[in-house]
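Summary of the model geometry
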Amino acid sequence: MIGARAVKQIVNVVDRRLGKGKSEVSVNALSFLFSEIVQYNQTRVDNIAELERRLEDQGYGVGLRFLELLCHREKGNKREIRLLGILSFVHTTVWKSLFGKVADSLEKGTEHDDEYMISEKELLVNKYISVPKDMGAFNCGAYVAGIVKGVLEGAGFPARVTAHYVPMEGQSRPRTTILIKFSEEVLRREARLG
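An account of the accompanying structure is given in this report. Keep in mind that this is a model prediction, so the values were computed, not measured. (Residues numbered from 1 in each chain as written. Predicted model: local features only at pLDDT ≥ 70, side-chain atom pairs only at ≥ 80, totals over all residues. Heavy atoms only, no water.)

1. Focus on the layout of surface pockets
A probe as big as a water molecule, rolled over the atoms, marks out the empty space that is left. Put simply, the rule is: The pocket and cavity definitions rest on a 1 Å grid over protein atoms only: a 1.4 Å probe that fits but cannot leave marks a cavity, an open set with protein on both sides within 12 Å along at least five of seven lines marks a pocket, and residues lining either have an atom within 4 Å of a point. Grid points are joined across faces, edges and corners, and a volume is the space filled by probe spheres set on the points. In this classification, the charged set is Asp, Glu, Lys and Arg, the nonpolar set is Ala, Val, Leu, Ile, Met, Phe, Trp, Tyr, Cys and Pro, and all remaining amino acids, among them Gly, are polar.
One number sums up the size of the second largest pocket: a volume of about 160 Å³. What lines the second largest pocket is simply Lys121, Glu122, Leu123, Asn126, Ile129, Ser130, Val131, Tyr165, Ser172, Arg173, Pro174 and Thr176. Class assignment for the residues of the lining of the second largest pocket results in five nonpolar, four polar and three charged.

2. Quick notes on the nonpolar core
Cut-off, in case you're wondering: By nonpolar core we mean a set of buried residues, namely Ala, Val, Leu, Ile, Met, Phe, Trp, Tyr and Cys, connected to one another through side-chain atoms within 4.5 Å. Whether a residue is buried, partly exposed or exposed follows from its accessible area with a 1.4 Å probe, protein chains only, as a fraction of its type maximum: under 20%, in between, or over 50%, in that order. Per the convention used, a helix needs a DSSP run of H or I reaching at least four residues, while a strand needs a run of E reaching at least two, with both numbered from the N terminus. Note on definitions: a residue-residue contact is assigned when non-hydrogen atoms from the two residues lie within 4.5 Å.
Within the largest apolar cluster, 42 residues are counted, with the highest numbers of intra-cluster contacts made by Val148, Leu152, Ile178, Ile180 and Phe182. Among the elements of the structure, helix H1 (27–42), helix H2 (48–74), helix H3 (83–99), strand E2 (115–120), helix H5 (141–154), strand E3 (159–166) and strand E4 (175–182) are those that each provide at least two residues to this core. Tallying contributions element by element places H5 first for this core, with eight residues. Beyond its immediate sequence surroundings of up to four residues, phenylalanine 182 is in contact with Leu83, Leu87, Asp114, Tyr116, Leu152, Phe157, Pro158 and Ala159.

3. Digging into the pattern of salt bridges
Inclusion rule: Here a salt bridge means any side-chain nitrogen of Lys or Arg lying within 4 Å of a carboxyl oxygen belonging to Asp or Glu.
For the structure on display, the rule yields eight salt bridges. A salt bridge links glutamate 68 to arginine 79, with the nearest nitrogen and oxygen atoms 2.4 Å apart. One end of the pair, glutamate 68, is in helix H2; the other, arginine 79, is in the loop between H2 and H3, with eleven residues separating them in the sequence. Arginine 79 gets classed as partly exposed once you look at its relative accessible area, which sits at 35%. In this structure, glutamate 120 engages lysine 101 in a salt bridge whose closest nitrogen and oxygen atoms are separated by 2.6 Å.

Following this line, the structure appears as structure tokens:
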């Protein structure tokens, strides 16, 4: 047709697709923002355990929202229902989305059947943080432990998640291990599913 123009339709914001988005964030910006979060919380607590708990609580909210986003983008709104499936999801998909790479290792605890460990040689939130001597073994990995706890509980796998330093031979900095201890109901459900 001569003289006919294509009519551009106006699409409502709610009707637009949720794209992949930009997957990289400046490490400098992230480090600065995280350092401000730590300093903000540090002025409002009396001891290291309380500071780690506050960081974990803040990470928990991020984990809940991050699970929703990743399930929508990566899995077509499907959720994991098996224990090893959700652990693999956290170890690979969540970790890669957060830190740009898969976690160094995922291991089952040797002493207890309900314990799993995700280890990272140099966790990004600990990489650029220098802990004063008076703060002892303060671990910024508590924030990441909170994210992991939010993802697990949002998916229906309640667990106690903590961050620990583990010394490594020949290395000046210890690696960070995220210890996941699942509740009894998760183990019972897993046994029923066979």
